[in-house]
Amino acid sequence: MNLQEIVDDIASAMKPRLGEGKIADYIPELARIDAKQFGLAVTTVDGETFTAGDASVPFSIQSISKVFMLTLALGKAGESIWSRVGREPSGSAFNSIVQLEHEHGIPRNPFINAGAIVITDMVLAGHAPREAIGEFLRFMRYLADDDSITIDEKVARSEQKTGYRNVALANFMHAFGNLHHAAELVLGVYFHQCALAMSCVQLSHAGLYLANRGTNPLTGFSVVSEKRARRINALMLTCGHYDGSGDFAYRVGLPGKSGVGGGILAIAPGKASIAVWSPGLNKVGNSALGSEALEMLTQRTGWSVFGH
Ligand code: GLU
């Protein structure tokens, strides 16, 4: 299988369609991005990276950060985290508040905003927000083995000014006793984790531990146990694409996590970690061209967790 040829073919197929979808403009700083960009990076478990398009351009990883914060929280508190957040697909939008009332402030899963805010609250325990942000940034640099990764302060501030829904979700959970720190402290960390800027290449490196039984094959760093890697992948498959998770599993067949910056991290266990980015989003808020590119990739490679 010639992976370079496959990623090149995908990038060429996307070229005439650049700009499709709708940019997330509810975060003003994200609305300023050039929509006509597309990047793809595939890093295999034997350490080779294949790239096409704008694979080296940093973008706002947004909700993809939730996978890595979950990894940190599991490292700190283990399975006890599941008393404060569920493991079921939500069937609602990423920032829905309705379900939270029905379920007494326990979010459905760690990948919708409410769930991610609870996870961030856990990582914040015993720290000042600045330290928790530093811990997250160091973790990402360690995972990707790249110290040049930074947080885009403009994006973080932009969301801090306009994140009314997230403020509502956090306060609502506080009222149910499921947030242990003040909403503004937790959200300060949450907005910064979402504002992390990474390229497809860096992201595909950072996700490798999930494709390789918990260990990053590039660095040899053991990040999580094999069992934990499997479980994080299970959550990505069932909950990683908001209300589009079922469709993504059907079309792509891999665990994946999307972000409103237009990025998607997908994991082919035992094979590769894949990052794709194109800012225009489809109706459920996932990268339009990114989802299609992954569908093409899995069709060409035969990668799927559902069979060969
Ligand atoms: N920072 C974004 C928010 O909380 C993340 C959403 C996403 O990427 O889906 O609205």
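Residues numbered from 1 in each chain as written. Predicted model: local features only at pLDDT ≥ 70, side-chain atom pairs only at ≥ 80, totals over all residues. Heavy atoms only, no water.

Caption draft 1: Region of interest: the site of the ligand. Around the ligand, the surrounding shell consists of Tyr 26, Gln 62, Ser 63, Phe 94, Asn 113, Glu 159, Asn 166, Tyr 190, Cys 194, Tyr 242, Gly 259 and Val 260. For the ligand, an oxygen atom lies 2.8 Å from a polar atom in the backbone of Val 260. Looking at the shell around the ligand residue by residue, the classes come out as 6 nonpolar, 5 polar and 1 charged. (Near = heavy atom within 4 Å. Polar contact = N/O pair within 3.5 Å; in protein donor to acceptor, adjacent residues only side chain to side chain. Nonpolar A, V, L, I, M, F, W, Y, C, P; charged D, E, K, R; others polar.)

Caption draft 2: Just helix 8 (residues 183–194), in detail. When the terminal C-alpha atoms of helix 8 are compared, their 16 Å separation across 12 residues agrees well with the 16 Å that a helix rising 1.5 Å per residue should span. Most of helix 8 sits out of view: 10 of its 12 residues are buried. Listing the buried residues of helix 8 in full gives Ala 183, Val 186, Leu 187, Gly 188, Val 189, Tyr 190, Phe 191, His 192, Gln 193 and Cys 194. (Helix = DSSP H or I, 4+ residues; strand = E, 2+ residues; numbered from the N terminus. Expected span 1.5 Å × (residues − 1). Buried < 20%, exposed > 50% of the residue type's maximum accessible area, 1.4 Å probe, protein only.)

Caption draft 3: Structural detail: the side chain of Ser 90. Looking at the element boundaries, Ser 90 is found in the loop between helix 2 (65–77) and helix 3 (98–102). For Ser 90, a relative accessible area of 8% puts it in the buried group. In contact with Ser 90, not counting residues within four places along its chain, are Gln 99, Arg 108, Asn 109 and Ile 112. (Contact = heavy atoms within 4.5 Å.)

Caption draft 4: Quick look at the packing of helix 6 (residues 153–162) against helix 8. It is at 8 Å that the axes of helix 6 and helix 8 come closest, and there the two elements cross at 135 degrees. What the angle tells us is that helix 6 and helix 8 run oblique. The crossing of helix 6 and helix 8 is right-handed. In this structure, helix 6 uses Glu 153, Ala 156, Glu 159 and Gln 160 to contact helix 8, whose residues at the interface are Gly 188, Tyr 190, Phe 191, His 192 and Cys 194. Looking at the contact of helix 6 with helix 8 residue by residue, the class counts come to 4 nonpolar, 3 polar and 2 charged. (Axes fitted to C-alpha atoms, helices over the stretch in contact; angles between N-to-C directions. Parallel < 35°, antiparallel > 145°, perpendicular 65-115°, else oblique. Left-handed = near helix turned anticlockwise from the far one by under 90°.)

Caption draft 5: Structural context of the packing of helix 4 (residues 113–124) against helix 7 (residues 164–175). Their axes nearest at 10 Å, the elements helix 4 and helix 7 cross at an angle of 65 degrees. In this structure, the crossing between helix 4 and helix 7 has a hand that is right-handed. Between helix 4, through Asn 113, Ala 114, Ile 117 and Val 118, and helix 7, the contact on the second element is made entirely by Asn 166, Leu 169, Ala 170 and Met 173. Looking at the contact of helix 4 with helix 7, its residues break down into 6 nonpolar, 2 polar and no charged.

Caption draft 6: Structural context of the state of the cysteines. Enumeration over the complete set of coordinates arrives at 0 disulfides. Unpaired in terms of disulfides, Cys 194 finds its nearest cysteine sulfur in Cys 239, a separation of 17 Å. Since its relative accessible area comes to 1%, Cys 194 is described here as buried. The closest cysteine sulfur to the non-disulfide-bonded Cys 200 is located on Cys 194, 18 Å from its own sulfur. Classification of Cys 200 as buried rests on a relative accessible area of 0%. (Disulfide = S-S within 2.5 Å.)

Caption draft 7: Inspection of unusual backbone geometry at higher detail. The phi dihedral of Asp 145 falls on the positive side, at around 55 degrees, and the residue is not glycine. One can find Asp 145 in the loop between helix 5 (129–144) and strand 4 (150–151). Backbone geometry at Arg 213 places phi at a positive 55 degrees, although glycine is not the residue there. With respect to the secondary-structure elements, Arg 213 resides in the loop between helix 10 (208–211) and helix 11 (226–239). Overall, Arg 213 belongs to the exposed group, its relative accessible area being 58%.

Caption draft 8: Quick peek at the pairing of strand 8 (residues 272–277). Counting buried residues along strand 8, 6 of its 6 residues qualify, which places the element largely inside the surrounding structure. Across the two faces of strand 8 the burial is the same, with Ala 272, Ile 274 and Val 276 and Ser 273, Ala 275 and Trp 277 all buried. Taken together, the 6 bridges between strand 1 (residues 39–44) and strand 8 define a ladder with antiparallel strand orientation. By the bridge assignment for strand 8, Thr 44 is matched with Ala 272. (Pairing = 2+ DSSP bridges.)

Caption draft 9: Quick look at the pattern of salt bridges. Evaluation of the coordinates by the stated rule reveals 14 salt bridges. Between Arg 300 and Asp 9 there is a salt bridge, and its shortest N-O distance comes to 3.0 Å. One end of the pair, Arg 300, is in helix 13 (residues 288–301); the other, Asp 9, is in helix 1 (residues 3–14), with 291 residues separating them in the sequence. Taking the relative accessible area as the measure of exposure, Arg 300 reaches 39% and is therefore partly exposed. Salt bridges sharing partners connect three or more residues here, namely Arg 17, Glu 20 and Glu 292. (Salt bridge = Lys/Arg side-chain N within 4 Å of Asp/Glu carboxyl O.)

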